[in-house]
Every structure is written in C-alpha cells, then in structure tokens.
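# Overview (structure and organization)
Chain by chain, the residues run as shown.
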Amino acid sequence: MTEKLPYNADHVIYRDFGHTVNALWTADPVLAEQLRNGDDDTFNRAILNPRNEIEVVGRISRCYKSEGALYSGWVISSGDGREHPVSTRKPDAMAVLRQTVADYFDGS
C-alpha cells in the first residue's frame, strides 16, 4: 500500500494554464508527482480518471471587462466556494492564491 501524503498545503500542486492557475491536492504521492511534472496529456488523463481522488482547493482566473466581466484582473475562487477579485498582476494573485490555500487547510 502506498503511504498517503498529509492533508496540508505543502502538497498542493499549482498548475498554470496561462489565464487560469489551479491549486490541486491529492493524497497519492505518485499521482501528485504526475500532476506536478507531467506533460499536458498525462495531466489530462490523470484529471479525467474517475478513480483518481483530486481536489481543487483554489483557482485564479484572468477576467477582462472587454469580454463582459465586471472586473479586469485576476479573480480567485477558493475551496469554500468564495470568489472575488484580487489583483491586476499575476504574481500578486499567485501570492493571494497560496495564502488562501494555506488558510483553507488551516481552517481559517
């Protein structure tokens, strides 16, 4: 039996898709490594496999007023269902995402 990873923010995988960054967590260390280091095909197969337990614990997405959004910038969606604008700069949004994920695991 494979030893499972602890349920904490240290084992979150951040996957950057350009205009979206997903924060994912799984208890399986082999799967976590595949999600972290795999190419897009490997990643997609792992995500779509219903036997893989993968939790989305946060996400930032780039929105544009010119496309109908109420805000131009990065919007965060957290594991508890909240969504709000965070920044116009991706590095700032990533910092907020990392803190939001840490708070999610701490129960804050």
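Residues numbered from 1 in each chain as written. Predicted model: local features only at pLDDT ≥ 70, side-chain atom pairs only at ≥ 80, totals over all residues. Heavy atoms only, no water.

Now for the nonpolar core. With 14 residues, the main nonpolar core has Val12, Val57, Ile60, Leu97 and Val101 as its most contacted residues. Of all the elements in the fold, those that place two or more residues in this core are strand S2 (20-25), strand S3 (55-63), strand S4 (73-78) and helix H3 (90-106). No other element matches the five residues that H3 contributes to this core. The residues contacting valine 12, other than those within four sequence positions of it, are Ala23, Leu24, Trp25, Arg36, Val57, Val101 and Phe105. (Core = buried A, V, L, I, M, F, W, Y, C linked by side-chain atoms within 4.5 Å. Buried < 20%, exposed > 50% of the residue type's maximum accessible area, 1.4 Å probe, protein only. Helix = DSSP H or I, 4+ residues; strand = E, 2+ residues; numbered from the N terminus. Contact = heavy atoms within 4.5 Å.)

Turning our eyes to something else, we now look at the packing of aromatic side chains. Within this structure, the stated rule accounts for four aromatic pairs. Plain terms: the ring middles of tyrosine 7 and phenylalanine 105 are 4.9 Å apart, the flat faces sit at 70 degrees to each other, and that makes the pair edge-to-face. One end of the pair, tyrosine 7, is in the segment before strand S1 (12-16); the other, phenylalanine 105, is in helix H3, and 98 residues separate them in sequence. Residue tyrosine 7 is classed as partly exposed on the basis of its relative accessible area, which comes to 44%. (Phe/Tyr/Trp six-rings, centres within 6.5 Å; stacked < 30°, edge-to-face > 60°.)

Our focus in this paragraph is the environment of serine 61. Following the sequence through the fold, serine 61 ends up in strand S3. Taking the C-alpha atoms as reference, serine 61 lies 8.2 Å from serine 77; in sequence the two are 16 residues apart. When sequence neighbours within four positions are dropped, the list of residues in contact with serine 61 reads His19, Thr20, Gly73, Trp74 and Val75.

A word on the pairing of S3. Here six bridges tie S2 to S3, and the two strands are oriented antiparallel to one another. Its bridge partner being in S3, valine 21 is matched across the sheet by isoleucine 60. Of the pairings in the sheet, the one linking S3 to S4 comprises six bridges and is antiparallel in character. By the bridge assignment, arginine 59 is partnered in S4 with serine 77. (Pairing = 2+ DSSP bridges.)

Strands sit in the order S1-S2-S3-S4-S5 across an open sheet of five strands; the sheet is antiparallel. Two strands bound the open sheet, and with one partner strand each, they are S1 and strand S5 (83-87). The average undirected angle you get between the axes of adjacent strands in this sheet is 20 degrees. Seen against the sheet, H3 touches S1, S2, S3, S4 and S5 and runs at an angle of roughly 155 degrees to S3. (Axes fitted to C-alpha atoms, helices over the stretch in contact; angles between N-to-C directions.)

Taken together, the buried positions of helix H1 (residues 29-37) are Leu31, Ala32 and Leu35. Down the axis of H1, the buried set is contained in an arc of 105 degrees. They therefore lie on one face. At its buried positions, H1 is contacted by S1 and helix H2 (40-48). One side-chain oxygen at the N-terminal end of H1 lies 2.9 Å from the backbone nitrogen of valine 30; it belongs to aspartate 28. (Arc of directions from axis to C-beta. Polar contact = N/O pair within 3.5 Å; in protein donor to acceptor, adjacent residues only side chain to side chain.)

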